[in-house]
Amino acid sequence: MKKSLKKFLALTATTFTASASLVGPATSVLAQEDGETAEGIQEFETVVQNDEESIEGGTLRYALVGDPFAGVLNSMLYTGSPDSTIIGFFQEGLYGYNSSFEIDNSGFADVEFNEEEKSVTYTIPQDAKWSDGEPITIDDVIFPYYVIGHPDYTGVRYGDSFKNVVGMEEYHNGDAEEISGLNRVDDYTLTVSFIEFTPSMLQASGVPNYIEPEHVLGEIPVAELEDADAVRSTPVGNGPFRLVSIVPGEAVTFEANEYYYKGRPPIDEVVLEVVNATSIVAELKAGNYDIASLPADQYDTFADATNFQILGEVQNSYTYIGFKLGTWDADLGEVVMDDSLVLANKALRQAMGYAIDNDAVGAEFYSGLRMNANTPITPNFDAYHDPNVEGYYYDPERSAQLLADAGFVDNDGDGFVEDPNGEPFTLGFASMSGGETAEPLAQYYMESWKAVGINVELVDGQLMEFNSFYDRVEADDPAIHVYQGAWGTGGDPNPSGLYGRDSLFNYTRWATEENDELIARISSSEALDDDYRSQAYSDWQEYIVEEAPFIPTLYRYALVGVNNRVKGYDMAIGSDVSWADITLTAEEPYAE
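About the thresholds
Residues numbered from 1 in each chain as written. Predicted model: local features only at pLDDT ≥ 70, side-chain atom pairs only at ≥ 80, totals over all residues. Heavy atoms only, no water. Helix = DSSP H or I, 4+ residues; strand = E, 2+ residues; numbered from the N terminus. Rg over C-alpha atoms; globule rule 2.2 N^0.38 Å. Contact = heavy atoms within 4.5 Å. Areas by Shrake-Rupley, 256 points an atom, 1.4 Å probe, with all protein chains shown as cover. Lys, Arg positive; Asp, Glu negative; His and termini not counted. Charge placed at Lys NZ, Arg CZ, Asp CG, Glu CD. Buried < 20%, exposed > 50% of the residue type's maximum accessible area, 1.4 Å probe, protein only. Pairing = 2+ DSSP bridges. Core = buried A, V, L, I, M, F, W, Y, C linked by side-chain atoms within 4.5 Å. Expected span 1.5 Å × (residues − 1). Arc of directions from axis to C-beta.

Enquirer: Describe the overall build of the protein chain, listing the residues and the values that go with them.
Expert: Helix and strand counts for the protein chain stand at 17 helices and 23 strands. Here the C-alpha atoms of the protein chain give a radius of gyration of 24 Å, agreeing with the 25 Å that 2.2 N^0.38 yields for 592 residues. In terms of its C-alpha atoms, the protein chain occupies a principal-axis envelope of roughly 75 × 60 × 45 Å. Considering only intrachain contacts with a sequence separation of at least 6, the fraction spanning at least 24 residues in the protein chain is 70%. Put simply, the protein chain shows about 24,100 Å² of open surface, and 45% of that area lies on carbon and sulfur atoms. Computed over 29 positive and 104 negative side-chain charges, the separation of the two mean positions in the protein chain equals 4 Å.

Enquirer: Tell me about the pairing of strand β9 (residues 189-193), residues and numbers included.
Expert: Here β9 lies mainly inside the structure; 4 of its 5 residues are buried. In this structure, strand β7 (residues 119-123) lies alongside β9, joined through 5 bridges in antiparallel fashion. Residue pairing in the sheet places Ser-119 in a bridge with Ser-193 of β9. Pairing geometry for strand β8 (residues 182-186) and β9, over 4 bridges, is antiparallel.

Enquirer: Help me get a handle on the environment of Pro-151, residues and values and all.
Expert: Turning to its location among the elements, Pro-151 is positioned in the loop between α3 (139-148) and α4 (160-163). Residue classification places Pro-151 among the partly exposed residues on the basis of a relative accessible area of 47%. Pro-151 has contacts with Tyr-171 and His-172, leaving out every residue within four places of it along the chain.

Enquirer: Mind laying out the nonpolar core, listing which residues take part and the relevant values?
Expert: Ranked by size, the top nonpolar core spans 168 residues in total, and within it Trp-449 and Tyr-569 carry the most contacts. Here the element with the most residues in this core is strand β21 (residues 550-563); it accounts for 8 residues. Excluding residues within four positions of it along the chain, Trp-449 makes contact with Ile-321, Met-352, Ala-355, Ile-356, Phe-429, Ile-454, Val-456 and Val-482.

Enquirer: Tell me about helix α13 (residues 438-451), residues and numbers included.
Expert: Between its first and last C-alpha atoms α13 spans 20 Å; for 14 residues at 1.5 Å apiece the expected length is 20 Å, and the two agree. Buried within α13 we find Ala-438, Pro-440, Leu-441, Ala-442, Tyr-444, Tyr-445, Met-446, Ser-448 and Trp-449. After α13 finishes, the residue Gly-453 shows a positive phi value of roughly 95 degrees.

Enquirer: I'd like to hear about the pairing of strand β3 (residues 59-65), residue by residue, with values.
Expert: Of the strand pairs in this sheet, β3 and strand β12 (residues 269-275) are connected by 7 bridges, and their pairing is parallel. Bridge assignment links Leu-64 to a residue of β12, and that residue is Val-274. Two strands pair when backbone bridges link them, and β3 and strand β13 (residues 291-294) are joined in this way by 2 bridges, in the parallel orientation. Pairing of Ala-63 across the sheet is with Ala-292, part of β13.

Enquirer: For unusual backbone geometry, give the residues involved together with the corresponding values.
Expert: A positive phi angle, close to 80 degrees, is found at Ser-205, a residue other than glycine. As for its placement among the helices and strands, Ser-205 is situated in the loop between β9 and α6 (214-217).

Enquirer: Now, about helix α2 (residues 81-90): what can you tell me, with residues and values included?
Expert: A turn of α-helix holds 3.6 residues, and therefore any two residues three or four places apart point the same way. Taken as a whole, α2 has its buried residues at Pro-82, Asp-83, Ile-86, Ile-87, Phe-89 and Phe-90. All buried residues of α2 fall inside an arc of 150 degrees around its axis, so they share one side. Of the surrounding elements, those touching the buried residues of α2 are β3, β10 (241-247), β11 (251-256), β12 and α14 (466-474).

Here it is, written out as structure tokens:
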């Protein structure tokens, strides 16, 4: 660990206790000199081990760790992962996928790709029903296209996978009442025609993965869907459980769905409650919950737990430092950069990247369960992740030189550089609350930037709650110049959905013609060739790291604590195990 982080942790010992015990057998990455790392990634099981006999029924207690959920309980409309977790209990997507996120026939529908005709055919099971007992037909697969493509749609999912559907843009622009590329073959079969057949279409989320109850949602104006009771409090789904009651932002109760197409789940009830990250370990040890995500920054407090098992897997997600470089133009449907901003100077962004020690952060703040991220393409996409891209590592001397060469100089001797025009500046930093390390980590980043002469202060002088953070980042709050965010890449590593010019999720509001061209190559029909596609991804990663509209910081292990009475739980990516396959072997969760 670098001396700078050691000194910082010593100064913040009142809020975060750092000691050698945090970097023990679980260490996955140890900080080395000159940005090198020593690999020692711990392996975890992804399937819970339990040979006890299952009981009949029972109540599963699930802890949703973090801040209160927003309560937008619809796959077409939600934006936060807490809502997504809740949706997963009562609603399943249209198709399944394997461990490489390649679409397969393990889900609700069978999927057939036709590259020559640029089409995909979905066939859903006959006699399947929604949780209210109404039949599921192919019209429920067609319906989401008309919602998400509608001009009044308020969500964020009208992206490339929808625009690629033949006739979608005409419908979206109001030039057609129907989407010509949707061919309803019969009550259980739909063929969708696409403008281009690209590699992304073979990956999870590469083609629309929605099925929604038209008989419930179809009578609600699209502009009013997000606030409708059918989304907020009484959603109907095709999943293993049915939502019974909800305490907004705090708790949800589910019951077994007897109409589930795979059969009624053996568990009678699921009670989901929001639990603060700082108390979840104690709650699990007390036997108050069966399943909960575990905070890596508290690993030493649960590593030896006896009443629950620790499952883990390296995720297709990463944290990053984002720079606000413009705004979203809703009329144009694209980002608009502002070259007058001080952060428009690439050297300043690069200098901020070299000023932080991600290896040491992963080792000290997260017990080695997070590791330095060199690019935004996560390593589990091994055909596309380029390990040869250097990325950013701790080099404060290089940081200082970049600033000096670009004209950022401390002219008045206050310890902070002025911009190339000699004007002082302070950057507003937004970071989320939650967990023991949230505050000290944010302070570490700011102190690291100040150490090289960049003045950075917390927006409003405090951390932000999850929903408030993303509301303000998405709204391009002018007080926010730098922010610490995180992305899950989903099943498709194609960067267009997060960093394309026309993506609302492009929160940095950065766009260039070269970035447009590089993303277009990744999405092109030529990229169906494996070698071409791999090179296109490498070229984009090299470019994005050089331009630094954001700095990837950490790849991560996701850890889940599972009580010893739970049987059948599997957290592996692409697992065919669903909530309907889980049973319990005792009436109540075990306590230590």
